[in-house]
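Observations on chain architecture
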Amino acid sequence: MAYILGTAGHVDHGKTALVKCLTGVETSHIPEEKKRGMTIELGFAALEDPVHGTVGIVDVPGHERFIRNMVAGTWGLDAAMLIVAADDGWMQMSSDHLRVLKAMHINSILLVITKSDLADPDMIELIREDANRHCREILGQELPSVAVSAHTGAGIDELKKKITELLSTVRTAPLDKPFLYIDRAFTLKGIGITVTGTLRGKSIAVGDQLALYPGGTECKIKNIQNHHADVSSSESGMRTALNLKISEKEKVERGMLLAGMGESPVLQGSELLVRVDEYFNKQETGAGIKNHIELELATGSTNAIGAIHFNKTDPTLARVSLQEPIAGRWNQPAVLIRHGGSSILASCRILAAFDSYRAAVFKQFFSVYAGRELPSWKSCGFFITGFIEKDRAEPKELSADAKDVTACGKQLIFTKKLAEWEAKILETAKKSQAGFTAEEIDTAVPVKVRQEILKKLCAENKLINEGSVYKLAGSGDTLSKTAQQLLQLALKAGFDGIEIDKIQLPQVRKDARDLVKLGKLVVLENFLHYHREIYDKAIAAILKGKKAGDIITIADARTATNLSRKYVIPLLNVLEKNGKVKRQENDRIVL
């Protein structure tokens, strides 16, 4: 595995000088940075570690006005050095940067006290103690530390050892696809569009297909570079430059996301569902941020202006409505920044994204997440639909509470919804004298899920199954008064049959359907029904003396039954539907 190490800390505390001392690379690369003597954009270098190999280093700006660039630099970090100068001590941006690292779930952090040549040992120890006091307040723990001087080289060897130890503590969550946020994008004549970023998730290789988000435009990797050297592939944690095969008319810019194939979704849109984890600005009123205020959301290498609207049931949940769409993955960390300023208001995670606001959809998602942390991206869909195929998820991926998940055949079903569906099925069974099919259950559940629930109810002896028809166990074949009257009318009508739409009896159509299911009536055409005994006599007459391959004409059928075409053709059609004969122009061939 490759690693990315980042810097964090107040402006002019020696981050860039320290990176140069470690790597020999001057990360200040644009004229404005050299003129002003401070980092504005992200800088990149590489350190050779004796245990972990080539370690990418991201140098971030320390000035509060460039906090968005700092957030962009933390996207791909595995670990960070929190820089505090010995001649200045802990500053506000030291706290803000540490909060960003916490918000981005970067847990491997090393406290580096720089400019040690400008302070005596007692002062350095006081600064270390003060820094760790702030770390305890923000992180709940102290950090390992080292004092160095980029000017004299003091402590640099010890720092390198500490970096090796620090990287050994890194634990990253596995991702099922490659993710790369673009932090630089440019077009070179004769080469085309090239982007840079830190790769996360699965590895990529020359020739691989990726998609560019927002939008999902497909592109192909033509060339890969790692620290200015051509490589055939790149793995998670590598600083990566990609030359892409994509139309030069396509908008490709910083903040966009490149992702590969995988089961997990890429979230994209301007309407976000987020969970606020921690408020950083204690001066705010109410829950920590005023409801409906404008702010900025920063994640990956992108940031967008929007407004936040908190959920009344669970105030940790909110809808963030952005002016522009962004893209990311489920549960991706982000920070909320005061609009028009640099104050970091809170940390949050992105749970869902949509192209537009639909109240019903957000109400549904809020109800799923309210008061509940979901263990994976699969959970939300499970709680909304109520089911998922067994081979697509483990129960622990769906809910922290094992009681929420019930195995049912090839499906895992949300226990609460399973109880509702079973109750509806049993209620249907109670109302149906002839039984019912899986398709007739009045619920939006797919047939394949209904069938698994029906099997479960049969196994529990609550239902019985006869072919495709299900009945309430122990219900017998008792017919309603109307059904009994229909049977008598059909038997009395003989070969004339009965037309259900012309019979004036209560719920006659329902009872007719029930009698058809029970096999006591046969539908010939539209509302024309035969009593089973009459139908069997007619069919026996038509097929008398016939064997497979014999031809039956309409005239033959009329002669055999002494019936008109009005009845013969529907009878032949039923025979065809039941697979007894097949049509050959106007004739039928016995099968």
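Per chain, the residues get numbers from 1 upward, laid out in the order the sequence is written. Side-chain atom pairs in this predicted model are given and counted only at pLDDT of 80 or more, local residue features only at pLDDT of at least 70, and totals for whole chains, interfaces and linings cover all residues. Note that the side-chain values use all heavy atoms of the structure and ignore hydrogens as well as water.

**Let's talk about the overall build of the protein**
Per the convention used, a helix needs a DSSP run of H or I reaching at least four residues, while a strand needs a run of E reaching at least two, with both numbered from the N terminus. Scanning the protein from terminus to terminus reveals 16 helices and 33 strands. Taken over C-alpha atoms, the radius of gyration is set against a globule rule of 2.2 Å times the number of residues to the power 0.38. Taking 591 residues into account, the globule formula puts the C-alpha radius of gyration at 25 Å, and the protein, at 36 Å, lies well above it. Principal-axis analysis of the C-alpha atoms gives the protein an extent of 115 × 55 × 40 Å. Under the scheme applied here, a residue whose accessible area is under 20% of the maximum for its type counts as buried, over 50% as exposed, and between as partly exposed, the area being computed with a 1.4 Å probe on protein chains only. Looking at the 591 residues of the protein, the share that counts as buried comes to 52%. Across the protein, the mean location of the 78 positive side-chain charges is 9 Å away from that of the 73 negative side-chain charges. As used throughout, the charge tally considers Lys and Arg to be positive and Asp and Glu to be negative, leaving His and the chain termini uncounted. Here the site of a charge means NZ on Lys, CZ on Arg, CG on Asp, or CD on Glu.

**What about the confidence of the model for the protein?**
For the protein, the average pLDDT comes to 89, and 95% of its residues sit at 70 or higher. Across residues 30-40, where pLDDT falls below 50, the model places 26 contacts with residues more than four positions away in sequence or in other chains. Every residue carries a pLDDT, the predictor's confidence in it, which falls somewhere between 0 and 100. By definition in these notes, contact holds between two residues if any of their heavy atoms fall within 4.5 Å. Below a pLDDT of 50 lies the segment residues 283-287, which in the model reaches six contacts outside its immediate sequence neighbourhood of four places, other chains included.

**Digging into the packing of helix α3 (residues 67-74) against helix α4 (residues 92-103)**
Here the axes come from fitting lines to C-alpha atoms, over the contacting stretch only for helices, and the angles between their N-to-C directions go from 0 to 180 degrees. For the pair α3 and α4, the least separation of the axes is 10 Å and the interaxial angle reads 35 degrees. The element α3 and its partner α4 pack so that their crossing is right-handed. Here I67, M70, V71 and T74 of α3 come into contact with α4, specifically with M93, H97, V100 and L101. As a working rule, the residues Ala, Val, Leu, Ile, Met, Phe, Trp, Tyr, Cys and Pro are called nonpolar, Asp, Glu, Lys and Arg charged, and the rest polar, with Gly in that last group. By residue class, the composition of the contact of α3 with α4 is six nonpolar, two polar and no charged. Crossings are assigned a handedness: left-handed for a near helix turned anticlockwise from the far helix by less than a right angle, right-handed for a clockwise turn.

**Considering the nonpolar core**
Residues belong to a common nonpolar core when they are buried Ala, Val, Leu, Ile, Met, Phe, Trp, Tyr or Cys residues joined through side-chain atoms within 4.5 Å. Counting 45 residues, the largest nonpolar core has L272, I289, L297, L336, F365 and Y369 as the members making the most contacts within it. Element by element, the count of residues in this core is highest for strand β22 (residues 344-354), at eight residues. By size, the runner-up hydrophobic cluster in this structure holds 38 residues, among which are L42, F44, L98 and M104.

**Remarks on the pairing of strand β2 (residues 43-49)**
Among the seven residues of β2, five are classified as buried, and the element is accordingly described as predominantly covered. Paired strands, as defined in this entry, are two strands with at least two bridges between them according to DSSP. Sheet analysis places β2 next to strand β3 (residues 53-59), joined by seven bridges and oriented antiparallel. Note that in β3 the partner of A45 across the bridge is I57. Connecting β2 to the antiparallel partner β3 that follows it, the hairpin turn spans three residues.

**Quick notes on the pattern of salt bridges**
A side chain with one charge may pair with a side chain of the opposite charge, provided their charged atoms come close. One speaks of a salt bridge when a side-chain nitrogen belonging to Lys or Arg is within 4 Å of a carboxyl oxygen belonging to Asp or Glu. By the definition in use, this model includes 30 salt bridges. Where R128 meets E125, a salt bridge forms, and the shortest distance between an N and an O atom there is 3.3 Å. Linking R128 with E125, this pair stays in helix α5 (residues 121-139), spanning three residues, or about one helical turn. Its relative accessible area of 35% is what places E125 among the partly exposed residues. In this structure, E263 engages R392 in a salt bridge whose closest nitrogen and oxygen atoms are separated by 3.1 Å. Taken together, the positions of E263 in the loop between β16 (257-259) and β17 (266-279) and R392 in the loop between β23 (387-389) and α9 (395-398) put the pair 129 residues apart, joining distant regions of the chain.

**Focus: the packing of aromatic side chains**
By convention here, two paired aromatic rings are described through the distance between centres and the angle between planes. Two aromatic rings from Phe, Tyr or Trp, using only the six-membered ring of Trp, form a pair when their centres are within 6.5 Å; if the ring planes differ by under 30 degrees the pair is stacked, by over 60 it is edge-to-face, and anything between is tilted. In total, this model carries 11 aromatic pairs according to the counting rule given. A ring pair is formed by F382 and F383, whose centres lie 5.4 Å apart and whose planes are at 70 degrees; its orientation type is edge-to-face. Each member of the pair F382 and F383 is classed as buried. Relative to F414, the ring of F383 has its centre 4.8 Å away and its plane inclined at 85 degrees; by these criteria the two rings are edge-to-face. Residue F383 is located in helix α8 (residues 377-385), and its partner F414 is located in strand β25 (residues 411-414); the two are separated by 31 residues in the primary sequence. F383 gets classed as buried once you look at its relative accessible area, which sits at 5%. Under the relative-accessibility criterion, F414 is labelled buried at 9%. Among the aromatic residues, ring-to-ring pairing joins F354, Y357, F362, F365 and F366 into one connected group. R319 extends its terminal NZ or CZ atom over the ring of Y357, reaching a point 3.8 Å from the ring centre. Lysine and arginine charges are scored as sitting over a ring when NZ or CZ, respectively, is within 6 Å of the ring centre and within 35 degrees of the ring normal. The positively charged end of R372 is found above the aromatic ring belonging to F383, 4.2 Å away from the centroid.

**Brief notes about the environment of V274**
Among the structural elements, V274 can be located in strand β17. Exposure remark for V274: the relative accessible area of 0% places this residue in the buried category. Sequence spacing of V274 and I308 is 34 residues, and the spatial spacing of their C-alpha atoms is 9.5 Å. Ignoring sequence-local partners within four residues, the contact set of V274 consists of L297, T316, L317, A318, V320, C348, R349, I350 and L351.

**Brief notes about helix α13 (residues 508-517)**
Regarding α13, the residues found buried are V508, D511, A512, D514 and L515. Summarising the axial view, the buried residues of α13 lie within an arc of 160 degrees, below the 170-degree limit, and thus occupy one face. Where α13 is buried, its residues touch α12 (481-493), β29 (521-525) and β30 (528-531). Immediately beyond the C-terminal end of α13, within one or two residues, lies G519, with a positive phi of roughly 80 degrees. By definition, the arc is the one covered by directions from the helix axis to the C-beta atoms.

**Comments concerning the sheet that holds strand β1 (residues 3-9)**
Sheet strands pair via backbone hydrogen bonds, and the direction of the pair is either parallel or antiparallel. The six strands are arranged β2-β3-β1-β4-β5-β6 in an open sheet whose pairing can be described as mixed. Here the strands that pair on one side only, and so sit at the sheet edges, are β2 and β6 (145-147). Between one strand axis and the next, the sheet turns through 25 degrees on average, direction left out of account. As judged from the seven bridges shared by strand β4 (residues 79-85) and strand β5 (residues 108-114), these two strands associate in the parallel manner. Considered in β5, the bridge of A85 is made with T114. Across the sheet, α5 touches β4, β5 and β6, and the angle it forms with β5 is around 150 degrees.

**Quick word on a negative patch on the surface**
Exposure above 30% relative accessible area and no salt bridge define the residues that can form patches, which grow by joining like charges within 9 Å and nonpolar side chains of Val, Leu, Ile, Met, Phe, Trp and Tyr within 5 Å. Values of accessible area rely on a 1.4 Å probe in the Shrake-Rupley scheme; residue burial ignores everything except the protein chains shown. The grouping of D12, D87, D88 and D117 at the surface amounts to a negative patch. On the basis of relative accessibility, which here comes to 58%, the residue D12 falls in the exposed class.

**What to know about the environment of G215**
Within the fold, G215 resides in the loop between β11 (209-213) and β12 (217-226). We classify G215 as exposed; its relative accessible area is 59%. For the pair G215 and P325, spaced 110 residues apart in the sequence, the C-alpha separation amounts to 9.3 Å.

**Some thoughts on unusual backbone geometry**
Both trends apply: most residues other than glycine have a negative phi, and most peptide bonds are in trans. With an omega of 0 degrees, the peptide bond between Y213 and P214 qualifies as cis. Notably, Q507 is not glycine yet its phi reads approximately 40 degrees, a positive angle. Looking at the element boundaries, Q507 is found in the loop between β28 (498-499) and α13.

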